[in-house]
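# Survey of secondary and tertiary structure
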Amino acid sequence: MKFAFSEISLPKRGSLALAVFADNELSPTAKDVDKITKGAITRALGSSRFKGKIGNFLEILAPVGLEVSRIVLFGLGEVEKLSQTDLETVGGSLVKKLNSAGARSVTVIVDELATDDIRTSDAAAAIAMGAMLGSYRFQKYKTDIDETSEPTLVRMTLSCKSSAVARKAFADMEAIVEGVFLTRDLVSEPANSLYPESFAERCLELTSLGIEVEVLDEAKMQRLGMGALLGVGQGSTRDSRLVIMQWNGATGKKASRKPLAFVGKGVCFDTGGISLKPAAGMEQMKWDMGGAGTVTGLMKALAGRKAKINVVGVIGCVENMPDGNAMRPGDIVTSMSGQTIEVLNTDAEGRLVLADALWYTQDRFKPEFMVNLATLTGAIIVTLGHENAGMFGNNDELAERIFAAGKEVGEGVWRLPMSDAYAKQIKSPIADLQNIGTGGRGAGSIVAAEFLAKFVNDVPWVHLDIAGMAWSSTDKPTVPKGGTGYGVRLLDRLVHDHYEGK
Ligand code: BES
Ligand code: MN
Ligand code: ZN
């Protein structure tokens, strides 16, 4: 789908989308069009349940007096209450409506929403961003495509005042959405196609954007002493990989600043290992690399919009399989940090992977902060469902910034507590640590976070447990079913709001 921006003018063909506010107050252009069509809009509104709310749509086909094929009215509710995410929702829903109607092109008129032009251009860009996010599909494995149900919309023109400003705002958004799409692609890819080596190859493709990519193989990780990560991968015929991506966008005095670091769990398939998972639903564990997928998409987004900041992304890629050579419950592994870990459950593998990835990252880069993302625990879904990621950390300022960024982009996070009382649960009687707590099913996500904390070496750190967020089983206006790309926009906003240009 292509996006274009123009000053306000009525199109000669295609579809025309017009805004209506709360209680069916027409936008200025809708008023004009109502006159041109001899009252078609007011008549249509009078005979429908449309009330001008967000989520309200009304189609008028073949309007008299205009050459367009249809008018779509979309509700914007009360202007003072409009948020960026509302506008994205409108854009995403509009794409859906137009595709099911068979429209090929649409001009969306974004009249002045307030007295301020800039706000209107931001609104236009937000609608376009929502439309782009909602247009995503993962179809590479479909060979029996039914042409009659294929999306038809190929072009959206946003027509607004200060359209050049809107076009510019959208250029950055487009780069961010490309990052989200990469994450969605990676997350949706099955494990026979996406495994540590092929994941690393996908990362290497990012060099074309100016990202430096290094790939550590098992021999190198062995030399670094990454016994925890390697232990998880040892039952798989697929070799493990650690991928390090660096984007050095900072210039001038800032060029030598410590980088921001993002670390991801990349378990390309999680069978549970010898502590095997039940069969039902196990196919979902192809997206257990969601944290790594988000880190990779984030790197693409930041490089794509040429963010003026130094960032490093590190992902630990493994496959957790049962096998004659697999790690056994009770095995003791030595992590890169030197701490020994008694592996009481081979299904608590993400924390083992992150143990070495986090330690390596802080040790090599001495970053300003580390944020890790992981589909770490089923327990976080019990706690927060699919509305918020779980947040844990050792730094209030960083946590508050992430919370605020999540609010802005509509990707929720909710912080949960950590304390020594929980940390006590992962003391092993015969090693330094054990990989599951003594408290049974209680506080599983917190205990997992306490385990990670042992490997951050006091660097400002936040852990996001995204097990409930990486995948969606329902279609939403800007997030179709499948891999969601959760976290790319959130962390891009964090970087943008607090670390660039300062
Ligand atoms: N990958 C899973 C967590 C998960 C569950 C992600 C459901 C997405 C959806 C993780 O490796 C795991 O198996 N965790 C165990 C930990 C337990 C053994 C302490 C869990 O949550 O049951
Ligand atoms: Mn597991
Ligand atoms: Zn897992």
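The sections below set out a description of the structure shown in this document.

Thresholds, definitions, all that
- Residues numbered from 1 in each chain as written.
- Chains lettered and ligands numbered in written order.
- Predicted model: local features only at pLDDT ≥ 70, side-chain atom pairs only at ≥ 80, totals over all residues.
- Heavy atoms only, no water.
- Donors = N, O, S within 2.8 Å, 3.2 Å for Na, K, Ca; no water.
- Tetrahedral: all angles 85-135°; square planar, octahedral: opposite > 155°, others 65-115°.
- Helix = DSSP H or I, 4+ residues; strand = E, 2+ residues; numbered from the N terminus.
- Buried < 20%, exposed > 50% of the residue type's maximum accessible area, 1.4 Å probe, protein only.
- Pairing = 2+ DSSP bridges.
- Axes fitted to C-alpha atoms, helices over the stretch in contact; angles between N-to-C directions.
- Contact = heavy atoms within 4.5 Å.
- Left-handed = near helix turned anticlockwise from the far one by under 90°.
- Nonpolar A, V, L, I, M, F, W, Y, C, P; charged D, E, K, R; others polar.

### What to know about the coordination of the manganese ion (ligand 2)
Within the protein, the manganese ion (ligand 2) binds to Asp270 (OD), Asp347 (O), Asp347 (OD) and Glu349 (OE); these donor distances fall in the range 2.0 to 2.2 Å. For the manganese ion (ligand 2), the six donor atoms are set out with angles of 72 to 166 degrees between them, so the coordination reads as irregular. Site description for the manganese ion (ligand 2): donor spacing in sequence, D-x76-D-x1-E. Between the two metals, the manganese ion (ligand 2) and the zinc ion (ligand 3), the spacing is 3.2 Å, and Asp270 donates to both. Here Asp347 lies in the loop between β13 (340-342) and α10 (350-365) and Asp270 lies in strand β10 (residues 260-270), a separation of 77 residues in the sequence. In this structure Asp347 comes out as partly exposed when scored by relative accessible area, which is 22%.

### What to know about the coordination of the zinc ion (ligand 3)
Only Lys265 (NZ), Asp270 (OD), Asp288 (OD) and Glu349 (OE) from the protein coordinate the zinc ion (ligand 3), and they sit 2.0 to 2.4 Å from it. Coordination at the zinc ion (ligand 3) comes from six donor atoms whose angles at the metal span 78 to 173 degrees, giving a geometry best classed as octahedral. All donors of the zinc ion (ligand 3) come from a single chain, and their spacing in sequence reads K-x4-D-x17-D-x60-E. Given a relative accessible area of 1%, Lys265 falls into the buried group. Judged by its relative accessible area of 1%, Glu349 is buried.

### As for the sheet that holds strand β8 (residues 212-216)
Taken in spatial order, the eight strands make up an open sheet running β8-β9-β11-β10-β14-β18-β15-β16, and their pairing is mixed. Each end of this open sheet is capped by a strand with a single partner; those strands are β8 and β16 (412-415). Across the sheet, the mean angle from the axis of one strand to that of its neighbour is 20 degrees, orientation sign disregarded. Note that strand β14 (residues 369-374) and strand β18 (residues 461-465) share five bridges and pair parallel. Across the sheet, Ala374 pairs through a bridge with Asp465, a residue of β18. Strands in contact with α10 are β8, β9 (241-248), β10, β11 (310-320), β14 and β18; relative to β10, the strand with the most contacts, it is inclined by about 155 degrees. Strand contacts of helix α14 (residues 444-453): β14, β15 (388-393) and β18, with the helix running at about 145 degrees to β18, the strand carrying the most contacts.

### Some remarks on the environment of Lys38
Positionally, Lys38 belongs in the loop between α1 (28-36) and α2 (40-46). For Lys38 and Val488, which are 450 residues apart along the polypeptide, the C-alpha to C-alpha distance reads 47 Å.

### Remarks on the packing of helix α12 (residues 396-409) against helix α15 (residues 488-498)
Geometry of a packed helix pair, given as the angle between the helix axes and the separation of the axes. One can describe the packing of α12 onto α15 by two numbers: an axis separation of 8 Å at closest approach and a directional angle of 115 degrees. Both α12 and α15 take part in a crossing whose hand is right-handed. Packed against α12, whose contacting residues are Leu398, Arg401, Ile402, Ala405, Gly406, Glu408 and Val409, the element α15 presents Arg489, Leu490, Arg493, Leu494, Asp497 and His498 at the interface. Tallied by class, residues from the contact of α12 with α15 come to six nonpolar, two polar and five charged.

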